Amino acid sequence: RVSNFSSWGPTDDGRIKPDIMGVGTDVLSTSNATNASYTALNGTSMSSPNVAGSMFLLQQLYNRLNNGKFMRSATLKGLVIHTAMDFGAVGPDYQSGWGLLHAENAAKVILNKSKSHVIRELSLNNGTIYTEKIIASGVGNIQATLSWTDPEGNVLPLIASSLNNRSPRLINDLDIKIQDSKGNFLPYTLDPENPAGLAKTGVNSLDNVEKINIPQSIPGETYTLTINHKSTLKNSQPQDFSLLLSGIG
């Protein structure tokens with residue numbers, strides 16, 4: 001469960017925060033009392049190094065398997081969200097984000113011993129659409145996570161109207177969708193005007209991470225995945241993005 005001192009999101013514009021949860025209650029670690037002291041503490045002083053250290057170990061594993069290359073920051077962020085241990089209601093929420101960091105699950109996606117995972121680092125040109133056919137493997141449901149590092153936005157002026165301003169801050173708004181013969185599957189969305197409400201699926205215009213889960217994916221079924229963007233990409237320049245897929249053949 002979430003500790004009672006853990007802060008809720010969202011940001012003013014409704015982006016999902018926190019992104020990920022980490023164990024931060026009664027964590028045994030080193031103490032500054034003596035050179036050999038240990039103590040149990042609570043808070044972000046415990047959860048933050050837990051999450052940061054775990055994520056760097058994932059980078060180290062990827063680096064060893066990919067000829068010295070590291071993941072993009074958007075790929076690493078997408079990976080831990082893609083594999084997080086969801087708890088409570090299905091999907092993200094403004095209290096626990098995408099769930100609890102699960103380093104073992106993330107490592108299994110990198111290792112890909114089941115041959116059912118894919119990590120792609122791609123780029124989307126202005127005015128174009130990325131399309132890919134995927135086939136359900138039967139090894140779990142199909143999951144797809146889109147993540148990108150958005151260009152810098154505009155700083156709001158320090159005036160009263162800037163407080164709790166709900167206008168979207170995304171600069172390059174990418175969208176992911178998966179289709180089969182029966183219809184469309186869209187990413188999770190949350191409503192900042194109802195922060196305790198359950199996640200729904202629909203067009204996400206707030207977050208630079210979008211995740212789709214297809215319950216009861218049919219083994220052998222072909223699905224069409226598309227990624228496009230709204231409006232014009234900043235300066236009409238390509239936008240790098242990361243795509244993580246699980247449950248595919």
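Just so it is clear, the model here is predicted, and its values are computed rather than measured.

Engineer: Looking at this structure, how should I read the sheet that holds strand S3 (residues 117-124)?
Structural biologist: Picture the strands of a sheet paired through backbone hydrogen bonds; they go either parallel or antiparallel. Pairing within the open sheet is antiparallel, and its 4 strands lie in the order S3-S12-S5-S10. Of all the strands in the sheet, just S3 and strand S10 (209-214) have a single pairing partner and so form its edges. Sheet twist, expressed as the mean angle between neighbouring strand axes with direction ignored, is 15 degrees. Docked against the sheet, helix H2 (residues 73-82) engages S3, strand S5 (142-147), S10 and strand S12 (239-246), running at close to 30 degrees with respect to S12.

Engineer: Is there a simple way to explain the environment of Thr-25 in this structure?
Structural biologist: By the element assignment, Thr-25 lies in the segment before strand S1 (27-30). Sequence separation of Thr-25 and Thr-44 is 19 residues, and the distance between their C-alpha atoms is 9.1 Å. Those residues in contact with Thr-25, other than ones at most four positions away along the chain, are Ser-3, Phe-5, Leu-41 and Asn-42.

Engineer: Looking at this structure, how should I read the sheet that holds strand S6 (residues 174-180)?
Structural biologist: Within the open sheet, the 4 strands sit side by side as S4-S11-S6-S7. Their pairing is antiparallel. A single partner strand is all that each edge strand has here, and the edge strands are strand S4 (130-135) and strand S7 (183-185). For this sheet, the mean angle separating the axes of adjacent strands, direction not counted, is 30 degrees. Two elements, S6 and strand S11 (residues 222-229), share 6 bridges in a ladder whose sense is antiparallel. From the neighbouring strand, Ile-176 faces S11, where its bridge partner is Ile-227.

Engineer: Whenever I open this one, helix H1 (residues 44-65) confuses me. Can you help?
Structural biologist: Along an α-helix, residues three or four apart share an orientation, since each turn contains 3.6 residues. Compared with an ideal rise of 1.5 Å per residue, which puts 22 residues at 32 Å, H1 spans 31 Å between its outermost C-alpha atoms and is within 8% of the ideal. For H1, every residue scored as buried is listed here: Met-46, Ser-47, Val-51, Ser-54, Met-55, Leu-58, Gln-59, Tyr-62 and Asn-63. Just past H1, the residue Asn-67 takes up positive phi, approximately 55 degrees.

Parameters and conventions
- Residues numbered from 1 in each chain as written.
- Predicted model: local features only at pLDDT ≥ 70, side-chain atom pairs only at ≥ 80, totals over all residues.
- Heavy atoms only, no water.
- Pairing = 2+ DSSP bridges.
- Helix = DSSP H or I, 4+ residues; strand = E, 2+ residues; numbered from the N terminus.
- Axes fitted to C-alpha atoms, helices over the stretch in contact; angles between N-to-C directions.
- Contact = heavy atoms within 4.5 Å.
- Expected span 1.5 Å × (residues − 1).
- Buried < 20%, exposed > 50% of the residue type's maximum accessible area, 1.4 Å probe, protein only.

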